[in-house]
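Geometric and topological summary
Each chain is listed here by its residues.
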Amino acid sequence: HTHTHTHTHIQQNLVSLGVSSFLGFCIGFSVFWCISATSPTTCSMVGAITKVPLAVLGILIFKEPVTHKRIGFIALGLLAGIIYTRTKVLERERQRAKMDDADSFDVEKPVALKTELVKMRSSQHESNESESSSDGGRNRVVTNKVSSC
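The notes below deal with the structure included here.

Attention now goes to the overall build of the protein chain. When you go through the protein chain residue by residue, the secondary structure sums to 5 helices and 0 strands. From first element to last, N terminus to C terminus, the protein chain shows the α and β order α-α-α-α-α. For the protein chain, with 149 residues in total, the buried portion stands at 9%. Here the analysis covers contacts within the protein chain between residues at least 6 apart in sequence; of these, 45% occur between residues at least 24 apart.

Laid out in C-alpha cells, this is it:
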C-alpha cells in the first residue's frame, strides 16, 4: 500500500513539474513577445506596474496591515505608471504629427521651384549675353549660383 501511495505521489509531482514548466515557458514567451511588440522599457514598466494590484490584493485577501509606508509605495507605483503612460502618449502624438507633415508634402512644390530656377538662369544668361555683346566680350561676368532645397 505504501508503494502505491509513493508511486501516486511521484506521478502528481511529475504532472506538477510538467505544468509548471509549461507555464514558465509561456511566461518567458510572452515576455519576448512583449519586448518585440513594444520596447524593453515598456515591457519592464508593465512588469513593475503589475505589482501594484498584487500589493492591493495582498492587503485585501490576506488581511495585511495597511501602513503609511505600503500606501505610499502603492501610490508611487501608480504615479510612475501614469507618468510613463503619459510620456508614451505624448511621444506617439509627436511621431504622428511628424508623419502627417511628411504626408502633406506637396509634390508640385519642387517642380515649381525648379521651373522658377530655370527661368532665373535663362534670364540671367540672356542678360550676360547682351552685356558681352555690347562691350565686345571683354568684360564677361561669370556667375555660379548654388541652390539648395
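In this structure, Lys63 takes a positive phi of about 55° despite not being glycine. Within the secondary structure, Lys63 sits in the loop between helix 3 (51–61) and helix 4 (68–103). By relative accessible area, Lys63 is classed as exposed at 66%.

Here the focus is the packing of aromatic side chains. Tallying each qualifying case throughout the model produces 1 aromatic pair. Here Phe25 and Phe29 contribute two aromatic rings whose centre-to-centre distance is 6.2 Å and whose plane-to-plane angle is 25°, an arrangement assigned as stacked. Of the two residues, Phe25 and Phe29 both sit in helix 1 (residues 2–37), 4 residues apart, roughly one turn of that helix.

A few words on helix 3. What helix 3 keeps buried is the set Val52, Gly58 and Ile59. The buried residues of helix 3 all sit within an arc of 125° when viewed along its axis, so they share a single face. Residues of helix 3 that are exposed and point more than 90 degrees away from the buried face comprise Leu54, Leu60 and Ile61. Once helix 3 finishes, Lys63 follows within two positions and takes phi at roughly 55°, a positive value.

Before going further, it helps to spend a moment on the environment of Gly47. If you trace the backbone, Gly47 turns up in helix 2 (residues 40–49). For the pair Gly47 and Val31, spaced 16 residues apart in the sequence, the C-alpha separation amounts to 9.2 Å.

This part takes up helix 2. Considered for burial, the residues of helix 2 that qualify are Thr42, Cys43 and Met45. Down the axis of helix 2, the buried side of the element spans an arc of 160°, and every buried residue falls inside it. Residues of helix 2 that are exposed and point over 90 degrees away from its buried face: Pro40, Thr41 and Ser44.

Before going further, it helps to spend a moment on the packing of helix 2 against helix 3. Running from N to C, helix 2 and helix 3 point in directions that differ by 5°, and their axes come no closer than 4 Å. Taken together, the axis directions place helix 2 and helix 3 in an arrangement best described as roughly parallel. Where helix 2 approaches helix 3, its residues Gly47, Ala48 and Ile49 are matched on the opposing element by Lys51, Val52 and Pro53. Looking at the contact of helix 2 with helix 3, its residues break down into 4 nonpolar, 1 polar and 1 charged.

Conventions and cut-offs
Residues numbered from 1 in each chain as written. Predicted model: local features only at pLDDT ≥ 70, side-chain atom pairs only at ≥ 80, totals over all residues. Heavy atoms only, no water. Helix = DSSP H or I, 4+ residues; strand = E, 2+ residues; numbered from the N terminus. Buried < 20%, exposed > 50% of the residue type's maximum accessible area, 1.4 Å probe, protein only. Contact = heavy atoms within 4.5 Å. Phe/Tyr/Trp six-rings, centres within 6.5 Å; stacked < 30°, edge-to-face > 60°. Arc of directions from axis to C-beta. Axes fitted to C-alpha atoms, helices over the stretch in contact; angles between N-to-C directions. Parallel < 35°, antiparallel > 145°, perpendicular 65-115°, else oblique. Nonpolar A, V, L, I, M, F, W, Y, C, P; charged D, E, K, R; others polar.

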